[in-house]
Amino acid sequence: MSTSAQLRAALANVLAEDGTLTDPAWRGAAEAVPRELFVGPYFAQVPDSVPTRYRPVHRGEDGWLEGIYTDRTLITQLDGRTRADDIDGDSTVVGSPTSSSTLPSLVLRMWQQLEVEAGHRVLEVGTGTGYSTALGAHRLGGDRLTSIEYDPEVGRAAAAALTAAGYAPRLVVGDGLRGDPDGGAYDRLIATCSVRYVPTAWLHQVKPGGKILVTLSGWSYASGLALLTVTGPGTATGRFLPGYTSFMIARPHDRPPRPSLALLPGEERPSLIDPAVIGTWTGDWVAQLAAPAAERMGAGPEQILWDVSTGSQARTAPGPEGGWTVVQRGPVRLWDRVEAAIRLWQAAGEPHQEGFGVTASAGGQRVWIGGEDGPGWDLPV
Ligand SMILES: C[S@@+](CC[C@H](N)C(=O)[O-])C[C@H]1O[C@@H](n2cnc3c(N)ncnc32)[C@H](O)[C@@H]1O
């Protein structure tokens, strides 16, 4: 059986060989931080279960340590309360993940993308298990790093794990979307939960010239990782990065609960686009930009959009003689908006998100294609 140090070194090797770990200082952090102190028991998905079921993997059981050193996100809390230790070994549960230890390759890639330098003051939003915080503290020193966690119990567990691992960053329990309650001229901000728009506090607490690395997402849970440079107090601009990054949405930005879905009659017409396009990574993202209050369900040509704030609906289907139809009802013509956005994106050559950027100012926040003067959509600030 391999020891933790051996498994750590093996994972760091894999991540260096596949090009994830390019900076020796971050490789040192990956080799030093014992992830098992931060994760403890976790949930594993039961293969092919619908709805998804989870089984607990308890500390010390067969495969537990090996699981911790695979490059996977490990879910540590369901529904804001259930931890793996609350569940018997043979039982399985259904729930929505609310806290996790992000996969090591993503955390390490993000720390590198943030372009952190020795001496920088960094604010992290979403301490979670504390694993990414420990990597940051190893590289920067605890006195340069503040991390904010929303959930008091998660925050307490992270604090204990960080102490056990020998790191002492400043930890805050609270809503990280409000920034550091003590204010702060930060050089860098990294968020490991996603947001619908860049919180105003961040735009004031990061110094001009400083950077914000954050995943923007929304109520269809489509997302993209953006690196913004703060251009002045309250303003920032930047581009989305290559890849496919998603994080659970920050709790205050999450979709409000909705009644159970009832599909109602409405106006029918042919769809001008193949609805399956909004089931692709970037198509979903464009649809969400066009209809930011909508939740997307369905698959392939049979898509359903439900506007959480107005109850408006759109649903698509294959047409009886080829093509596709859409039925819309309610005050917001969701499909009209999505169709127009998808056609703009298609006219621009259907770029992946790295062809998009975002600009935030006191006047609002806008995601654009190509450049700031390109086609774009306002975020629901
Ligand atoms: C994906 S986990 C973080 C993973 C963590 N960085 C790690 O390496 O283990 C996201 C965390 O963000 C926290 N969170 C959600 N909304 C938040 C908010 N508004 N402020 C601070 N933390 C928040 C969640 O409670 C959760 O623990």
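What you are looking at is a predicted structure, and each value in this text was computed from that prediction instead of being measured.

1. Side note on the site of the ligand
And then number 1: Taken together, 26 residues lie near the ligand, and Thr129, Ser132, Glu149, Asp175 and Gly176 sit nearest.
And then number 2: Between a nitrogen atom of the ligand and a side-chain N or O atom of Asp175, the distance comes to 2.8 Å.
And then number 3: The contact in question runs from a nitrogen atom of the ligand to an N or O atom on the backbone of Arg251, over 3.0 Å.
And then number 4: Sort the elements by how many residues they give to the shell around the ligand and strand β5 (residues 97-101) lands first, with 4 residues.
And then number 5: Of the residues contributing to the shell around the ligand, the split by class is 10 nonpolar, 13 polar and 3 charged.
And then number 6: Looking at the shell around the ligand, you find at least three residues from each of domain 1 (4-101) and domain 2 (104-252).

2. Focus: the nonpolar core
The tendency in soluble globular proteins is for nonpolar side chains to be buried side by side.
And then number 1: Within the largest apolar cluster, 52 residues are counted, with the highest numbers of intra-cluster contacts made by Trp202, Ile212, Trp285, Val338 and Phe356.
And then number 2: Here this core gets 6 residues from one element, more than from any other, and that element is helix α10 (residues 334-347).
And then number 3: Contacts of Trp285, omitting those with residues within four sequence positions, involve Leu216, Ala222, Ser223, Gly224, Phe240, Gln353, Phe356 and Val367.

3. Remarks on the packing of helix α1 (residues 4-17) against helix α2 (residues 24-32)
And then number 1: Direction vectors running N to C along α1 and α2 enclose 150 degrees, while the axes themselves pass 8 Å from each other. Judged by the angle between their axes, α1 and α2 are roughly antiparallel. Crossing hand, α1 versus α2: right-handed. Residue-level inspection shows Arg8, Ala12, Asn13 and Ala16 of α1 in contact with α2, the latter providing Arg27, Ala30, Glu31 and Ala32.

4. Some thoughts on the domain arrangement of the protein chain
And then number 1: The domain architecture assigned to the protein chain consists of domain 1 (4-101) and domain 2 (104-252).
And then number 2: Relative to domain 2, the C-alpha centre of domain 1 lies at a distance of 20 Å.
And then number 3: Tallying the contact residues gives 28 residues for domain 1 and 25 residues for domain 2.
And then number 4: Here domain 1 and domain 2 share an interface that buries about 2,300 Å² over both sides, 67% of which is from carbon and sulfur atoms.
And then number 5: The largest per-residue losses of area from domain 1 upon contact with domain 2 belong to Thr20, Trp26 and Phe38, which jointly make up 34% of the total buried on that side.

5. Here we look at the sheet that holds strand β15 (residues 302-307)
And then number 1: Pairing in this open sheet of 5 strands is antiparallel, and the strands run β13-β17-β16-β15-β14 from one edge to the other. Either end of the sheet is taken by a strand with one partner, and the two such strands are β13 (267-270) and β14 (294-299). Taking the axes of each pair of neighbouring strands and ignoring which way they run, one obtains an average angle of 15 degrees across the sheet.
And then number 2: The pairing of β14 with β15 spans 6 bridges and is classified as antiparallel. Opposite Gly298, over in β15, you have Gln303 as the bridge partner.
And then number 3: Most of the contacts of α10 go to β15, to which it runs at about 115 degrees, and overall it touches β13, β14, β15, β16 (313-318) and β17 (324-329).

6. Concerning the pattern of salt bridges
And then number 1: Under the defined criterion, the tally for this structure stands at 13 salt bridges.
And then number 2: We note a salt bridge from Arg333 to Glu267, for which the minimum N-O separation is 3.0 Å. Of the two residues, Arg333 sits in the loop between β17 and α10 while Glu267 sits in strand β13, which places them 66 residues apart along the sequence.
And then number 3: By relative accessible area, Arg333 is classed as partly exposed at 24%.
And then number 4: Members of the salt-bridge network, linked through shared partners, are Arg170, Asp180 and Asp182.

7. Points about α1
And then number 1: Counted at 1.5 Å a residue, the expected span for α1 with its 14 residues is 20 Å, and the 20 Å between its end C-alpha atoms agrees.
And then number 2: Among all positions in α1, only Ser4, Leu7, Arg8, Leu11, Ala12 and Leu15 are buried. Buried positions in α1, seen along its axis, are confined to an arc of 135 degrees and lie on one side of it.
And then number 3: Taken together, the buried residues of α1 touch α2, α3 (36-39), α4 (64-68) and α5 (104-113).

8. Some points on the pairing of β17
And then number 1: The pairing of β13 with β17 spans 4 bridges and is antiparallel. Each residue of the ladder has a partner; that of Glu268, found in β17, is Val327.
And then number 2: Between the antiparallel neighbours β16 and β17 lie 5 residues, among them Gly322 with a positive phi of about 95 degrees.

9. Comments concerning the environment of Thr231
And then number 1: Along the polypeptide, Thr231 turns up in strand β11 (residues 224-232).
And then number 2: Relative accessible area serves as the criterion here: at 52%, Thr231 is assigned to the exposed category.
And then number 3: Sequence separation between Thr231 and Lys211 is 20 residues; the distance between their C-alpha atoms is 9.4 Å.
And then number 4: In this structure Thr231 touches Pro208, Ala236 and Thr237, once residues within four positions along its chain are discounted.
And then number 5: Within the structure, Thr231 has its side chain in polar contact with the side chain of Thr235 (distance 2.8 Å).

Definitions and cut-offs
- The residue numbering used here restarts from 1 in each chain and proceeds along that chain's sequence as written.
- The predicted origin of the model limits local features to residues at a pLDDT of at least 70 and limits the giving and counting of side-chain atom pairs to 80 or more, whereas totals for whole chains, interfaces and linings rest on all residues.
- Water and hydrogen atoms were dropped before computing side-chain values, which therefore reflect all heavy atoms in the structure.
- Note on definitions. A residue lies near a molecule or strand when any single heavy atom of the residue is within 4 Å of it.
- Throughout this description, a polar contact denotes any pair of N or O atoms lying within 3.5 Å of each other; where both atoms belong to protein, one of them has to be capable of donating a hydrogen while the other can accept it, and for residues adjacent in sequence the pair is counted only when both atoms sit in side chains.
- Counting from the N terminus, the helices are the DSSP runs of H or I reaching at least four residues and the strands are the DSSP runs of E reaching at least two.
- In this classification, Asp, Glu, Lys and Arg are treated as charged, Ala, Val, Leu, Ile, Met, Phe, Trp, Tyr, Cys and Pro as nonpolar, and every other residue, Gly included, as polar.
- The split into domains, and so the bounds of each, comes from an automatic or database assignment of domains.
- In plain words, nonpolar cores are sets of buried Ala, Val, Leu, Ile, Met, Phe, Trp, Tyr and Cys residues tied together by side-chain atoms within 4.5 Å.
- Burial classification: accessible surface area is computed with a 1.4 Å probe over protein chains only, and a residue below 20% of its type maximum counts as buried, one above 50% as exposed, and the rest as partly exposed.
- It only takes one pair of heavy atoms within 4.5 Å for two residues to be counted as in contact.
- Inter-axis angles, ranging from 0 to 180 degrees, are taken between N-to-C directions of lines fitted to C-alpha atoms, where helices are fitted over the stretch in contact.
- For this classification, under 35 degrees means roughly parallel, over 145 means roughly antiparallel, 65 to 115 means roughly perpendicular, and everything else is oblique.
- Note: crossing handedness is left-handed where the near helix turns anticlockwise from the far helix by less than a right angle, and right-handed where it turns clockwise.
- In this description, buried area is defined as the sum, over both parts, of the accessible area (probe of 1.4 Å) that is lost when the two are combined.
- At least two bridges found by DSSP between two strands are what make those strands a pair.
- The rule for a salt bridge is simple: a side-chain nitrogen of Lys or Arg has to be within 4 Å of a carboxyl oxygen of Asp or Glu.
- By this rule the span expected of a helix is its residue count minus one, scaled by 1.5 Å.
- Arc definition: directions from the helix axis to the C-beta atoms.

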